[in-house]
Number of protein chains: 2
Amino acid sequence: MGTRSVTKDLFLEERRQEILRRVNELGRVSVGDLSQEFCVSEVTIRADLQALADSNLVVRTHGGAVTANRALPDISLSSRLTQQVREKDRIGEAGAAMVMDGDAIFLDSSSTALAIARQLKGRRHVTVISNSLAVAQEMLDAPGVTVVMPGGTLRRETASLIRADSLDALRRFNIQKGFFGAHGLSVPEGLTDVSADEADMKRPLVAMCRRVIAIVDATKWGRVGLASFARLDQIHCVITDSHVSAEWMDQVRAQGIEVIAV
Amino acid sequence: MGTRSVTKDLFLEERRQEILRRVNELGRVSVGDLSQEFCVSEVTIRADLQALADSNLVVRTHGGAVTANRALPDISLSSRLTQQVREKDRIGEAGAAMVMDGDAIFLDSSSTALAIARQLKGRRHVTVISNSLAVAQEMLDAPGVTVVMPGGTLRRETASLIRADSLDALRRFNIQKGFFGAHGLSVPEGLTDVSADEADMKRPLVAMCRRVIAIVDATKWGRVGLASFARLDQIHCVITDSHVSAEWMDQVRAQGIEVIAV
DNA sequence: GGTATTTTACGATTTCTTTCGGAAAAGCGC
DNA sequence: GCGCTTTTCCGAAAGAAATCGTAAAATACC
């Protein structure tokens, strides 16, 4: 029946690539159509869509999938913040507790990094290096904290600066600890982000930090984003919440990484 | 326009997305209309509206739904309190009018520069270079505008970055116009600022701008701040308000400087 | 042999509809 | 204004159809 052009036998990766291309082109795809197009069973297509959805490349719906921009917005920002504010705060406390007076630390543009910043407000002689507008804004009323930002181009999605022309200027700082949020944490890929630009920004910073601390809530474990910015052996510590399976934590601890579940 | 009927079979997510779009566009929707439009029962529509209401995306009413009054508290500067808002806005308009599509411009951390930024929101292919957090924050929802910030240390009083380690990175931009607020404008001292650090930041930037535009309201004329950052012969244009004496303006015009009083 | 991929089978889940009792708005007579 | 009826709208329940996920079997490939 498959009189369409794509009767060719495709490898799994090729098929998923093609599905992704189609979603981005048409905005939506249905399981039934794809099944006919590629001459595979619907179960296979569902597995494909599931995989793409796991990487946040498409949004799964009943009967098919749509592009992210056609999907419903997440729970509104305010309610999501209130929902997870407890966990974020606890992660923020744990992170802030690791910062000594006199330290220079890096905070990225994740919301968890912002939580750490909030906990640092009363500190003195702390230098915060960050590419996040929100972190800088937050520290406006923290007179004991010096804030340094690398230059760059504003990325709207995260209110952060990317494509820094010269991170060299930061090399004169001896950055004791770097706190990095991530979109995914997995053993083979390490820390990943959905934005290649953001990852490009973080990669050299990871190398500049004496101690790299990943801050990832339970939902991020096992997920893989578009671009990797830190291998697992570059990470010294992971701060997460208590909803992570012991199995996963053991797997990461086996790599010699400290795991703190708050 | 308006009555485009949707007979297509939509996924649940798509239908809700479309409903949300309609609510935000029209302000209100009715259960009956939506039921006909999407060819589903009213019960289904009610479930949709309920779901959207649960996420605070719409407000449920009898017979339909209306937009959620999304009054997100803006965390921008409290500079709106000043009584010179009107004049600031007019100066902002005059400044924005000088910016062409395709331009790269510099905006400093003055409140008048922020007023210019507000007027640039709808523009496309404009690059704004600024050391002001407020300007960057303001442009977060201006997708046609590229924002570039030089790196530096946060100065709390003005929410700006100073002591940039490498303005060299900005030299690759051909900055057509630079808008500089100042604490004082006088013939012998030129443009002055109260902060030496801030002045140190602006001085090289003045040299990098093809056209230097000073934005100073009437109160700044004849005043002299701590540190000078631009001689009068480096300035090409002054935007000010109409409360400046003709005598002052003539004196500056005599230097070959264009003076615009709004 | 072994591994990776896909299919088939089937019970579970989601989505949508119809139905129905009750609540909310709208008319209406006063 | 006040009570009354009528209409509209709501939410819950139950059932039908489509879709889903899982797990074991089948196929392909090395």
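These figures come from a predicted structure and were not determined experimentally. (Residues numbered from 1 in each chain as written. Chains lettered and ligands numbered in written order. Predicted model: local features only at pLDDT ≥ 70, side-chain atom pairs only at ≥ 80, totals over all residues. Heavy atoms only, no water.)

## Describing the environment of B:D89
Residues and elements named next belong to chain B.
- In this fold, D89 is placed in helix α4 (residues 85-97).
- Accessibility expressed as a relative area gives 24% for D89, which makes it partly exposed.
- As for D89 and T112, which are separated by 23 residues in sequence, their C-alpha atoms are 7.8 Å apart. (Helix = DSSP H or I, 4+ residues; strand = E, 2+ residues; numbered from the N terminus. Buried < 20%, exposed > 50% of the residue type's maximum accessible area, 1.4 Å probe, protein only.)

## Examining the interface of chain B and chain A
- Listed as interface residues are 38 residues of chain B and, on the opposing side, 41 residues of chain A.
- Ionic pairing is found between B:E14 and A:R28, a salt bridge with its closest N-O pair at 2.7 Å.
- Where the side of chain B that touches chain A is concerned, the elements lending two or more residues are α1 (12-26), α6 (133-138), β6 (145-149) and β7 (152-155) of chain B.
- The sheet contact formed by strand β6 (residues 145-149) of chain A and β7(B) spans two bridges and is antiparallel. Among the inter-strand pairings, A:M149 is bridged to a residue of β7(B), identified as B:G152. (Contact = heavy atoms within 4.5 Å. Salt bridge = Lys/Arg side-chain N within 4 Å of Asp/Glu carboxyl O. Pairing = 2+ DSSP bridges.)

## Concerning the sheet that holds strand β11 (residues 190-193) of chain B
Residue and element names in this part refer to chain B.
- Sheet architecture is open: three strands sit in the order β10-β11-β13, paired in antiparallel fashion. In the strand order of this sheet, the two ends are held by β10 (184-186) and β13 (227-230), each with one partner. Sheet twist, expressed as the mean angle between neighbouring strand axes with direction ignored, is 35°.
- Sitting on the sheet, helix α7 (residues 196-208) touches β11 and β13, and the angle it makes with β13 is about 15°. (Axes fitted to C-alpha atoms, helices over the stretch in contact; angles between N-to-C directions.)

## Notes on α7(B)
Residues and elements named next belong to chain B.
- Taking 1.5 Å per residue, 13 residues should reach 18 Å; α7 reaches 19 Å between its end C-alpha atoms and fits that length.
- Regarding α7, the residues found buried are E198, A199, M201, K202, L205, V206 and M208.
- Where α7 begins, the capping side chain belongs to S195, and its oxygen is found 3.3 Å from the backbone nitrogen of D197. (Expected span 1.5 Å × (residues − 1). Polar contact = N/O pair within 3.5 Å; in protein donor to acceptor, adjacent residues only side chain to side chain.)

## Observations regarding the protein's contact with DNA strand C
- Not every one of the 16 residues close to DNA strand C is listed here, only the nearest: A:R15, A:T44, A:H62, B:S41 and B:T44.
- Per the 4 Å cut-off to the protein, sugar and phosphate atoms form 81% of the nearby atoms of DNA strand C.
- Contact distances for DNA strand C include 2.7 Å between a phosphate oxygen and a backbone N or O atom of A:S41.
- Interatomic distance of 2.8 Å between a side-chain N/O atom of B:R15 and a phosphate oxygen of DNA strand C.
- For the surface near DNA strand C, the elements supplying multiple residues, two or more each, are α1 (12-26) and α3 (42-54) of chain A together with α1 and α3 (42-54) of chain B.
- A class-by-class count of the residues in the surface near DNA strand C yields eight nonpolar, six polar and two charged. (Near = heavy atom within 4 Å. Nonpolar A, V, L, I, M, F, W, Y, C, P; charged D, E, K, R; others polar.)

## Focus: the pairing of β7(B)
Residues and elements named next belong to chain B.
- Where β7 lies against strand β8 (residues 160-162), three bridges are found, and the strand directions are antiparallel. Among the inter-strand pairings, L154 is bridged to a residue of β8, identified as L161.
- Hairpin remark: β7 followed by β8, antiparallel, with four residues in the connecting loop; positive phi at A159, about 50°.

## A few points about the protein's contact with DNA strand D
- Around DNA strand D sit 17 residues, and of these A:R46, A:G63, B:R46, B:R60 and B:G63 come closest.
- When atoms of DNA strand D within 4 Å of the protein are split into backbone and base, the sugar-phosphate part holds 67%.
- Contacts to DNA strand D include A:G63, whose backbone N or O atom sits 2.7 Å from a phosphate oxygen.
- Of all the secondary structure elements, the ones that give two or more residues to the surface near DNA strand D are α3 and β2 (59-61) of chain A together with α3 and β2 (58-61) of chain B.
- When the residues that make up the surface near DNA strand D are grouped by side-chain class, the tally is three nonpolar, 10 polar and four charged.

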